[in-house]
Amino acid sequence: MYECNPVSTPLPSKLNYVALNSNDKCEAPCRNLIGCLMYIMTCTRPDLSIAVNISGRYTNKNNQELWQYLKQVLRYLKGSSKIKLSYVSGNYNDIISGYVDSDWGGHDENDRRSTTGYLFQLFERCTICWSTKRQASVAASSTEAEYMALFEAVREALWLKSLASSINLDISKPIIIYEDNNGCISIANNPSNHKKSKHIDIKYHFSREQIEKNVIKLKYVSTESQVADVLTKPLSAPKFIEFRIRMGRE
């Protein structure tokens, strides 16, 4: 693949999940390549998060469709090998802020579990951590999927605050987390909203408790500006590149 033609996205915006679930195995080293890509993604390439996450779900299949998608990731890397995470100075309001999103229902009709994606930035421009993770259970609505994703982001925010404190970086204001679902924001901010949330696992109300303590603050952001969207599903090239730039990859 060293002389392959580059592409602008690691995955096409629409995947053939039926073919990905095929049991017709091929001899390609899919697992080895996924392991290599996982190392790159974890260290320096948040733009590969959803590609690695989706590919990793089908390592036991090792079929031709999976191999074709993995080769597209290599073609993307061919064209983006000079891109890097940039950490630059500038004006800012929040020391740490984050974005959280979920892809409700996913695209694989076999399990319909949603995908959580979040990222946090230092000084509103320097991406310092990111995650893409399939949720443990099926969400009954987009609001519930977002609420479950928020729980993961809040836990990460608390860890980051603790880490900042250990290096004498004082964060006195609540950590801002940007969310694009008004229903999720309403449930998190309103403890009396019982009917809409009584079926949700009690652990996910941890986010509400942190908001009450003024540790976390949710702010609405439109879907068009939700940077974490790039961590939950494959996007079209223009949107993918826009969010990649906003993550600090230049």
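Note that the structure is predicted; figures quoted are calculated from it, not measured.

1. Quick word on the packing of helix α2 (residues 30–43) against helix α4 (residues 64–79)
Item 1. At a minimum axis separation of 11 Å, α2 and α4 run at an interaxial angle of 35 degrees. Crossing geometry of α2 relative to α4 is assigned as left-handed. Where α2 abuts α4, its residues Cys30, Leu33, Ile34, Leu37 and Ile40 lie against Leu66, Trp67, Leu70, Val73, Leu74 and Leu77.
Item 2. Each residue belonging to the contact of α2 with α4 can be placed in one class, and the counts come to eleven nonpolar, no polar and no charged.

2. So, the sheet that holds strand β5 (residues 216–220)
Item 1. With mixed pairing, five strands are arranged side by side in an open sheet as β3-β2-β1-β4-β5. Edge positions in the sheet fall to β3 (126–134) and β5, since each has one partner strand and no second. Averaged over all neighbouring strand pairs, the angle between strand axes comes to 20 degrees, with direction disregarded.
Item 2. Two strands pair when backbone bridges link them, and strand β1 (residues 96–103) and strand β2 (residues 115–122) are joined in this way by eight bridges, in the antiparallel orientation. For aspartate 101, the partnering residue across the bridge sits in β2 and is glycine 117.

3. Observations concerning the pattern of salt bridges
Item 1. A complete count under the given rule lists six salt bridges for this structure.
Item 2. Here lysine 213 makes a salt bridge to glutamate 209, at a shortest N to O gap of 3.9 Å.
Item 3. Judged by its relative accessible area of 53%, lysine 213 is exposed.
Item 4. What makes glutamate 209 partly exposed here is its relative accessible area of 37%.
Item 5. In this structure, lysine 233 engages aspartate 229 in a salt bridge whose closest nitrogen and oxygen atoms are separated by 2.4 Å.
Item 6. Residue classification places aspartate 229 among the buried positions, given a relative accessible area of 7%.

4. What to know about the state of the cysteines
Item 1. By the definition in use, this model includes zero disulfides.
Item 2. The closest cysteine sulfur to the non-disulfide-bonded cysteine 30 is located on cysteine 26, 4.8 Å from its own sulfur.
Item 3. Assessed through its relative accessible area of 0%, cysteine 30 is described here as buried.
Item 4. Here cysteine 43 stays unpaired: no disulfide links it, and the sulfur of cysteine 36, its closest cysteine neighbor, is 12 Å away.

5. Digging into the packing of α2 against helix α3 (residues 49–56)
Item 1. Relative orientation of the contacting elements α2 and α3 amounts to 150 degrees, with a least axis distance of 10 Å. Here α2 is positioned roughly antiparallel relative to α3, judged by the angle of their axes. For the pair α2 and α3, the crossing hand works out as left-handed. In this structure, α2 uses Ile34, Leu37, Met38 and Met41 to contact α3, whose residues at the interface are Ser49, Val52, Ser55 and Gly56.
Item 2. Broken down by class, the residue content of the contact of α2 with α3 amounts to five nonpolar, three polar and no charged.

6. A closer look at the side chain of threonine 132
Item 1. Take threonine 132: it is sitting in strand β3.
Item 2. Within polar-contact distance, the side chain of threonine 132 engages the backbone oxygen of leucine 231 at 2.7 Å.
Item 3. Those residues in contact with threonine 132 that sit more than four places away from it in its chain are Ser49, Ile50, Asn53, Thr115, Thr116 and Leu231.

7. Some points on the packing of aromatic side chains
Item 1. Summed over the entire model, instances satisfying the criterion amount to five aromatic pairs.
Item 2. Judged by centre distance (4.7 Å) and plane angle (45 degrees), the rings of tyrosine 92 and phenylalanine 123 are tilted. With tyrosine 92 in the loop between α4 and β1 and phenylalanine 123 in the loop between β2 and β3, this pair connects stretches of sequence that are 31 residues apart.
Item 3. Aromatic side chains tyrosine 99 and tyrosine 178 sit 5.0 Å apart centroid to centroid with 25 degrees between the ring planes, which places their arrangement in the stacked category. A residue pair is termed long-range when its members are at least 10 positions apart, and tyrosine 99 in strand β1 and tyrosine 178 in strand β4 (residues 175–179) qualify at 79 residues. Taken individually, tyrosine 99 and tyrosine 178 each receive the classification buried, so the pair is uniform in this respect.

About the cut-offs
- Residues numbered from 1 in each chain as written.
- Predicted model: local features only at pLDDT ≥ 70, side-chain atom pairs only at ≥ 80, totals over all residues.
- Heavy atoms only, no water.
- Axes fitted to C-alpha atoms, helices over the stretch in contact; angles between N-to-C directions.
- Helix = DSSP H or I, 4+ residues; strand = E, 2+ residues; numbered from the N terminus.
- Left-handed = near helix turned anticlockwise from the far one by under 90°.
- Contact = heavy atoms within 4.5 Å.
- Nonpolar A, V, L, I, M, F, W, Y, C, P; charged D, E, K, R; others polar.
- Pairing = 2+ DSSP bridges.
- Salt bridge = Lys/Arg side-chain N within 4 Å of Asp/Glu carboxyl O.
- Buried < 20%, exposed > 50% of the residue type's maximum accessible area, 1.4 Å probe, protein only.
- Disulfide = S-S within 2.5 Å.
- Parallel < 35°, antiparallel > 145°, perpendicular 65-115°, else oblique.
- Polar contact = N/O pair within 3.5 Å; in protein donor to acceptor, adjacent residues only side chain to side chain.
- Phe/Tyr/Trp six-rings, centres within 6.5 Å; stacked < 30°, edge-to-face > 60°.

Read these as layout, nothing more, since geometry by itself doesn't imply function.
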